[in-house]
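One-letter residues, chain by chain:
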Amino acid sequence: APAASITGAPSAVNSTTPYNVTVDFGEVVTGFVSGDVTVGNGSVTGFTDNGDGTFTVQITPSGAGDITVDVAGSVATDAAGNNNTAATTATTVYDTTAPTVDIQGEPAAVNSTAAYTVTFEFSEDVTGFVLGDIVVGNGSAGSFVAVDGNTYTAQITPSGAGDITVDV
């Protein structure tokens, strides 16, 4: 039987801009139409039969909430008359909330230029956060470590007398 699979769905989106997924049956099939694609929190707004057992399906999100794309079993048939198997649901997170960051572990006062560790705790997993994103007044940042997807640490070394500020 042709095995339906859905690929190309982004892990997350933050707008109602359409995106494409590919539905692949592994062989040429007949009978598959746009109405056979079930979308939760969105709709099918484009559908192209690529002629090789794959279909390009344009999905337009409705708004906040997970977007699911599914293809049920027995909606398409191969040349031997076999009905397709169901696809595994593809899920895309709709997220328009910017992550927040909490800087933790900074001492209230220091009396030397010895380095101390601070933790940067984001409200959700982030990508692209690097040492250069840490702005230190009257000091410097080093020994940057990604603990996990939302937690990072760095050593802050004071330059001398005066307030030390740490910002992201």
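Just above sits the structure.
To keep things clear, this report deals only with the structure shown in the data block. All values reported here derive from a predicted model rather than from experimental measurement. (Residues numbered from 1 in each chain as written. Predicted model: local features only at pLDDT ≥ 70, side-chain atom pairs only at ≥ 80, totals over all residues. Heavy atoms only, no water.)

1. Topic: the nonpolar core
Ile-6, Val-23, Phe-25, Phe-32, Ile-59, Val-69 and Val-71 are the most contacted members of the largest nonpolar core, which has 22 residues in total. The set of elements that each furnish at least two residues to this core consists of strand 3 (19–24), strand 4 (37–40), strand 6 (54–61), strand 7 (67–71) and strand 8 (90–94). With residues near it in sequence (within four places) discarded, Phe-25 still touches Pro-2, Ala-3, Ala-4, Phe-32, Gly-53, Phe-55, Val-71, Ala-76 and Asn-84. Phe-122, Phe-129, Ile-156 and Val-166 belong to the second-largest nonpolar core, a separate cluster that totals 12 residues. (Core = buried A, V, L, I, M, F, W, Y, C linked by side-chain atoms within 4.5 Å. Buried < 20%, exposed > 50% of the residue type's maximum accessible area, 1.4 Å probe, protein only. Helix = DSSP H or I, 4+ residues; strand = E, 2+ residues; numbered from the N terminus. Contact = heavy atoms within 4.5 Å.)

2. Here we look at the sheet that holds strand 13 (residues 151–158)
Taken in spatial order, the four strands of this open sheet run 9-10-13-12, and their pairing is antiparallel. The open sheet has two edge strands with one neighbour each: strand 9 (101–104) and strand 12 (139–146). Taking the axes of each pair of neighbouring strands and ignoring which way they run, one obtains an average angle of 25 degrees across the sheet. Pairing geometry for strand 12 and strand 13, over six bridges, is antiparallel. Within strand 13, the residue paired with Gly-142 across the bridge is Gln-155. (Pairing = 2+ DSSP bridges. Axes fitted to C-alpha atoms, helices over the stretch in contact; angles between N-to-C directions.)

3. Structural notes on the pairing of strand 6
On a regular strand, one side chain projects to one face of the sheet and the next to the other, so that they alternate. Of all eight residues in strand 6, six are buried; the element is thus mostly enclosed. For strand 3 and strand 6, the ladder comprises six bridges, and the chain directions are antiparallel. The residue bridging Tyr-19 from the neighbouring strand is Ile-59, located in strand 6. Note: strand 5 (residues 42–49) against strand 6, seven bridges, orientation antiparallel. Its bridge partner lying in strand 6, Val-44 is registered against Ile-59. Between the antiparallel neighbours strand 5 and strand 6 lie four residues, among them Gly-51 with a positive phi of about 80 degrees.

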